[in-house]
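Given next are the chains, with one letter for each unit.
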Amino acid sequence: MYTNASNEDLFHIRVQKRSQLEDKLDKAVDILAERAPLCGGKGILVARHSARDFTVQLHPDIPYGTIQERQEW
């Protein structure tokens, strides 16, 4: 898991094994849930870009306190 240096509200996640998926996504969501009240009350968007690639980000179109999942591929 890594963050884009220019945007601390976005995590790019690539998993090699399915067993890694939930743990990595949960950690990213937990971090962003703590930041959300400090960032204008944005919600969290979890987007799947391929079988192994995901982004987790604070998003202004997602209501504060909610997590939305989106399939992008």
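Just above, that's the structure.
From a predicted model like this one, the values you see are computed outputs, not experimental measurements.

The rules behind each value
- Residues numbered from 1 in each chain as written.
- Predicted model: local features only at pLDDT ≥ 70, side-chain atom pairs only at ≥ 80, totals over all residues.
- Heavy atoms only, no water.
- Helix = DSSP H or I, 4+ residues; strand = E, 2+ residues; numbered from the N terminus.
- Rg over C-alpha atoms; globule rule 2.2 N^0.38 Å.
- Buried < 20%, exposed > 50% of the residue type's maximum accessible area, 1.4 Å probe, protein only.
- Areas by Shrake-Rupley, 256 points an atom, 1.4 Å probe, with all protein chains shown as cover.
- Lys, Arg positive; Asp, Glu negative; His and termini not counted.
- Charge placed at Lys NZ, Arg CZ, Asp CG, Glu CD.
- Patch = residues over 30% accessible without salt bridge, like charges linked within 9 Å, V, L, I, M, F, W, Y side chains within 5 Å.
- Salt bridge = Lys/Arg side-chain N within 4 Å of Asp/Glu carboxyl O.
- Core = buried A, V, L, I, M, F, W, Y, C linked by side-chain atoms within 4.5 Å.
- Contact = heavy atoms within 4.5 Å.

Caption draft 1: Structural context of the overall build of the protein. Along the protein, the regular secondary structure elements total one helix and five strands. Over its C-alpha atoms the protein spans a radius of gyration of 12 Å, differing by no more than 12% from the 11 Å that the globule rule assigns to 73 residues. The C-alpha extent of the protein, read off along each of the three principal axes, is 35 × 20 × 20 Å. Sorting the 73 residues of the protein into buried and exposed places 32% on the buried side. By element, 47% of the accessible surface of the protein is carried by carbon and sulfur atoms, the whole surface being about 4800 Å². Taking the 10 positively charged and 11 negatively charged side chains of the protein as two groups, their mean positions are separated by 7 Å.

Caption draft 2: Expanded view of a negative patch on the surface. On the surface, a cluster of negative charge is contributed by Glu22, Asp26, Asp30 and Glu34. Looking at the element boundaries, Asp26 is found in helix α1 (residues 18-35).

Caption draft 3: The arrangement of the nonpolar core in detail. The biggest cluster of nonpolar side chains holds 14 residues, and the ones touching the most others in it are Ile13, Leu25, Leu32, Ile44, Val46, Phe54 and Val56. Elements supplying a minimum of two residues to this core: β2 (7-14), α1, β3 (43-48) and β4 (53-59). Per element, the largest residue contribution to this core is five residues, and it comes from α1. When sequence neighbours within four positions are dropped, the list of residues in contact with Leu25 reads Ile13, Val46, Phe54 and Val56.

Caption draft 4: Just the pattern of salt bridges, in detail. Counting across every chain of the model gives three salt bridges. Note that Asp23 and Lys27 form a salt bridge whose closest N and O atoms lie 3.4 Å from each other. Here Asp23 pairs with Lys27, and both are found in helix α1, just four residues apart, close to one helical turn. When its relative accessible area of 44% is taken as the criterion, Lys27 is described as partly exposed. Where Arg70 meets Glu72, a salt bridge forms, and the shortest distance between an N and an O atom there is 4.0 Å. Given the relative accessible area of 36%, Arg70 is considered partly exposed.

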